[in-house]
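What follows is each chain in one-letter form.
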Amino acid sequence: MNGRADLAARVRRRFAADGTSVTPAAVVAAVRAEPGAAVLGDTTVLRMATRVHQDLIGAGPLAPLLADPAVTDVLVNGSTVWVDRGCGLCPVQVPLGGPDEVRRLARRLAAACGRRLDEASPYVDARLPDGTRLHAVLPPVATDGPYLSLRTFRQRPFTLDELVRHGTMTRPVAALLAAVVAARLAYLVIGGTGSGKTTLLNTLLGLVPPTERIVLVEDAAELRPVHPHVVGLQARTSNVEGAGAVGLSDLVRQALRMRPDRLVVGECRGAEIVDLLCALNTGHEGGAGTLHANTPGDVPARLEALGLLGGLPRPALHAQVAAALQVLLQVRRAGGDRVLESVCLLLPSGPERLVTAVPAWTRERGSGPAAPALAALIAERGVPVPPLLATAAGTGAATGRRGITQGAA
């Protein structure tokens, strides 16, 4: 590690003195110019140049972990490294060096995102050019730091068949989700941090017909659906002078002028929920998004809190939700696996017509009380009712969504 660090330092000084761009070819030439490199073979020089290039502008010793398709998270706690390969966090041995080397790595990664990370701005939340999400905190804010949190994203989203093979859901449930998308029902994917919300949303957006235009609005560009007509808008933070910020609410309003067939908000976390609900209530069917909520029962309160940020009072928020959103898809971690836990309908109940989440299907119990209403919604939109709901539809679909609503009351 010391020899590699010394070589990287010498090459770095060479680039600083020459003022040349740090390209792979330039790094190879710089390594060859080092004393003793003439006796090395081409393979050895290229390997050394690759490592030095990673140390200069890449993720350095973390690069192999970020390149591993099984790794979803890389966490650096000072000098220790933890990774998540889908089965929970476990420590790995990575030669990071001392705190100064980790600090340089954190600042270099932040610079690659066009962001500042120093004593005046000791933390950063940004996205690397390859899509990896970066969060870094420097001492003294990070008491035993520096701390780095890197979340990688699969370059190619999973298909429904792959999610079935991974045990996320069964094939009948996959058919149900496909019917929800085909029927243009608006839905939210809910769950805790790291439960697989973005993964499932990515997959479902790939089921949208190719004749439709998807407009993505995200705080950090994470969604990459396999679809021929996708355009994305990404929020922007303010510059060092505190100006130039572009929030999600602004982007939702811009997205409405871009002729979206499906409007998608990557993660609803603020006042933009009001603009999304307004959009879904003005003819933009089939919208989607994700929401942090541990259970479907937590969703109404979570939406209320977000609605208040946008100045929408509680009764108006529930009226908007009842008219705009239909389905909740709950995902969670079960052991080391990510599974689809339930499919619910958002239905108004009680004299105040407050929205509640009523199960249409759960992983443990199968069809729920809202199954007939969901079957009716799908059938009303000209989509064949999936087999998972067919029995429920035969026994109670005539009640429709209105019947379930009255029953819940």
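Just so we're clear, the structure is a prediction, and the values are computed from it rather than from any experiment.

1. Digging into the nonpolar core
Here is step 1 of the chain: Membership of the largest hydrophobic core comes to 44 residues, with the highest contact counts inside it found for M169, Y187, L200, L329, L340 and L374.
Here is step 2 of the chain: No other element matches helix α7 (residues 171–182), which puts seven residues into this core.
Here is step 3 of the chain: Not counting residues within four places of it along the chain, the set of residues in contact with L200 comprises L163, M169, L177, V189, L329, V331 and L340.
Here is step 4 of the chain: V217, L233, L280 and L306 belong to the second largest nonpolar core, which has 35 residues in total.

2. Describing the sheet that holds strand β10 (residues 262–265)
Here is step 1 of the chain: As summarised here, the arrangement of the nine strands in space is β9-β8-β10-β11-β7-β12-β13-β14-β15, forming an open sheet in which the pairing is mixed. At either end of the open sheet lies a strand with only one pairing partner, and these are β9 (230–234) and β15 (366–367).
Here is step 2 of the chain: Inspection of the sheet shows strand β8 (residues 214–218) paired to β9 by five bridges, in the parallel sense. Looking at β9, one finds that E218 is bridged to Q234.
Here is step 3 of the chain: The strands that helix α8 (residues 197–205) touches are β7 (187–191), β8, β10, β11 (288–292), β12 (327–334) and β13 (337–349); relative to β7, the one it contacts most, it runs at about 155°.

3. Quick notes on the sheet that holds strand β1 (residues 73–77)
Here is step 1 of the chain: Spatially, β3-β2-β1-β6-β5-β4 is the arrangement adopted by the six strands of the open sheet, whose pairing is antiparallel. Only two strands of the sheet have a single partner each, and these edge strands are β3 (89–92) and β4 (123–127). Between one strand axis and the next, the sheet turns by 15° as a mean value, whatever way the strands run.
Here is step 2 of the chain: Pairing of β4 with strand β5 (residues 133–137), which is carried by five bridges, proceeds in the antiparallel orientation. Each residue of the ladder has a partner; that of Y123, found in β5, is V137.

4. Looking at the confidence of the model for the protein chain
Here is step 1 of the chain: Residue-level pLDDT values for the protein chain average 84, and 82% of them are 70 or greater.
Here is step 2 of the chain: Of all the helices and strands in the protein chain, helix α15 (residues 400–408) carries the lowest mean pLDDT, 39, while α7 carries the highest, 96.
Here is step 3 of the chain: In this model, residues 395–409 is a region of pLDDT below 50 whose contacts with residues beyond four sequence positions or in other chains number 25 contacts.

5. Structural notes on the side chain of E267
Here is step 1 of the chain: Inspection of the secondary structure assignment puts E267 in the loop between β10 and α10 (272–280).
Here is step 2 of the chain: Sequence-distant contacts of E267, that is, excluding residues within four places in its chain, are made with L248, E272, T290 and H292.

Parameters and conventions
Residues numbered from 1 in each chain as written. Predicted model: local features only at pLDDT ≥ 70, side-chain atom pairs only at ≥ 80, totals over all residues. Heavy atoms only, no water. Core = buried A, V, L, I, M, F, W, Y, C linked by side-chain atoms within 4.5 Å. Buried < 20%, exposed > 50% of the residue type's maximum accessible area, 1.4 Å probe, protein only. Helix = DSSP H or I, 4+ residues; strand = E, 2+ residues; numbered from the N terminus. Contact = heavy atoms within 4.5 Å. Pairing = 2+ DSSP bridges. Axes fitted to C-alpha atoms, helices over the stretch in contact; angles between N-to-C directions. pLDDT = per-residue confidence, 0-100.

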